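# Analysis of the macromolecular model
This is what each chain is made of:
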Amino acid sequence: MIRYLILFASFGLATAAFGQTQEEQILQQVRDQEHAKNAAIMRKMDQGIDSMNVGSYTVAEKLFREVLKEAKVVPTDLTFYFGKNSFLLEKYQQSIDWLNKYIEIKGTNGRYYEETVRLLDNAKNAFLKIRSEERKEASQLISSSNYEIDCGPTG
């Protein structure tokens, strides 16, 4: 009887150990899948950086947007690269937003801080120049034409 009890107890311990091993295996598989997904996201970001460096800014932007959609946590460097690429696409407001985000996250110690500040200044100047030209055009359009404006029933 004691033999059966000992055998049953060892079978129970072996089963419990096997159950823990299965749980650990499942957790490891989940971690491996998450790691593979993160590696794929980083490869996509690297492809975007490579595309930007060879002048394929539209392709780079598409890849960066895919990274934003897929990543649970956005890599900090992506804020810099997205901002730089946006500047090169002449999307100055978007560039300003992303470059400011990089500085907000990394501060003055960021790896790309100096380039970020330079790009940010250039983006702000270009943005202001475009806004100024748009205002000039609108002003010229209004002042150069005699328009009758329908004010509705209130006159």
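Sequence order as written defines residue numbering, which begins from 1 separately in each chain. Where totals are concerned, whole chains, interfaces and linings use all residues; where local detail is concerned, this predicted model gives features only for residues with pLDDT of at least 70, and gives and counts side-chain atom pairs only at 80 or more. Hydrogens and water are ignored here; the side-chain numbers use all heavy atoms of the structure.

This part takes up the packing of aromatic side chains. Stacked, edge-to-face and tilted labels apply to pairs of Phe, Tyr and Trp rings (six-membered ring for Trp) whose centres lie within 6.5 Å, assigned for plane angles under 30 degrees, over 60, and everything in between, in that order. Tallied over the full model, the rule gives eight aromatic pairs. Ring plane angle 65° and centroid distance 5.2 Å describe the contact between Phe80 and Tyr81, whose orientation is recorded as edge-to-face. We note that Phe80, like Tyr81, is buried. Three or more aromatic residues joined by ring pairs form one cluster here, namely Phe80, Tyr81, Tyr102 and Tyr112. Each residue is assigned to one of three classes by its accessible area relative to the maximum for its type, calculated with a 1.4 Å probe on protein chains only: buried under 20%, partly exposed between the two thresholds, exposed over 50%.

For Glu90, which is not a glycine, the phi torsion comes out positive at approximately 65°. Under the DSSP-based scheme used, a helix requires at least four consecutive residues in state H or I and a strand at least two consecutive residues in state E, with every element numbered from the N terminus. Turning to its location among the elements, Glu90 is positioned in the loop between α3 (76–88) and α4 (92–106). Owing to a relative accessible area of 58%, Glu90 belongs among the exposed residues under this scheme.

We count a salt bridge whenever a side-chain nitrogen from Lys or Arg sits within 4 Å of a carboxyl oxygen from Asp or Glu. Inspection of every chain in the model, using the stated rule, returns nine salt bridges. The partner of Glu66 in a salt bridge is Lys62, and the shortest N-O contact between them spans 3.2 Å. Linking Glu66 with Lys62, this pair stays in helix α2 (residues 57–70), spanning four residues, or about one helical turn. Linking Lys84 and Glu115 is a salt bridge whose minimum nitrogen-to-oxygen distance equals 2.9 Å. Taken together, the positions of Lys84 in helix α3 and Glu115 in helix α5 (residues 113–143) put the pair 31 residues apart, joining distant regions of the chain. Among the charged side chains, a network of salt bridges with common partners joins Lys44, Lys62, Glu66 and Glu70.

Grouped together as the largest cluster of nonpolar side chains are 23 residues, with contacts concentrated most on Met45, Phe64, Phe80, Tyr81 and Tyr92. Only α1 (2–53), α2, α3, α4 and α5 provide two or more residues apiece to this core. Put simply, buried Ala, Val, Leu, Ile, Met, Phe, Trp, Tyr and Cys residues joined by side-chain atoms within 4.5 Å make one nonpolar core.

Moving on, we come to the confidence of the model for the protein chain. pLDDT gives the predictor's per-residue confidence on a scale running from 0 to 100. For the protein chain, the average pLDDT comes to 84, and 75% of its residues sit at 70 or higher. Of all the helices and strands in the protein chain, α1 carries the lowest mean pLDDT, 78, while α2 carries the highest, 97.

What follows deals with the packing of α3 against α4. The contact between α3 and α4 brings their axes to 7 Å, and the two run at 155°. As far as their axial angle goes, α4 and α3 are roughly antiparallel. At the point where α3 passes α4, the crossing takes the left-handed sense. From α3, Thr76, Asp77, Thr79, Phe80, Phe82, Gly83, Lys84, Ser86 and Phe87 reach across to α4, where they touch Tyr92, Gln94, Ser95, Trp98, Leu99, Lys101, Tyr102, Ile105 and Lys106. Asp, Glu, Lys and Arg are counted as charged, while Ala, Val, Leu, Ile, Met, Phe, Trp, Tyr, Cys and Pro are counted as nonpolar; the rest, among them Gly, fall into the polar class. Grouping the amino acids of the contact of α3 with α4 by side-chain chemistry returns eight nonpolar, six polar and four charged. Every axis in this analysis is a line fitted to C-alpha atoms, fitted for helices over the stretch in contact. Angles between the N-to-C directions lie between 0 and 180 degrees. Should an angle fall under 35 degrees it is called roughly parallel, over 145 degrees roughly antiparallel, and 65 to 115 degrees roughly perpendicular, with every other angle called oblique. The crossing is said to be left-handed when, going from far helix to near helix, the turn is anticlockwise and less than a right angle, and right-handed when the turn is clockwise. The criterion used for residue contact is that any of the two residues' heavy atoms lie within 4.5 Å.

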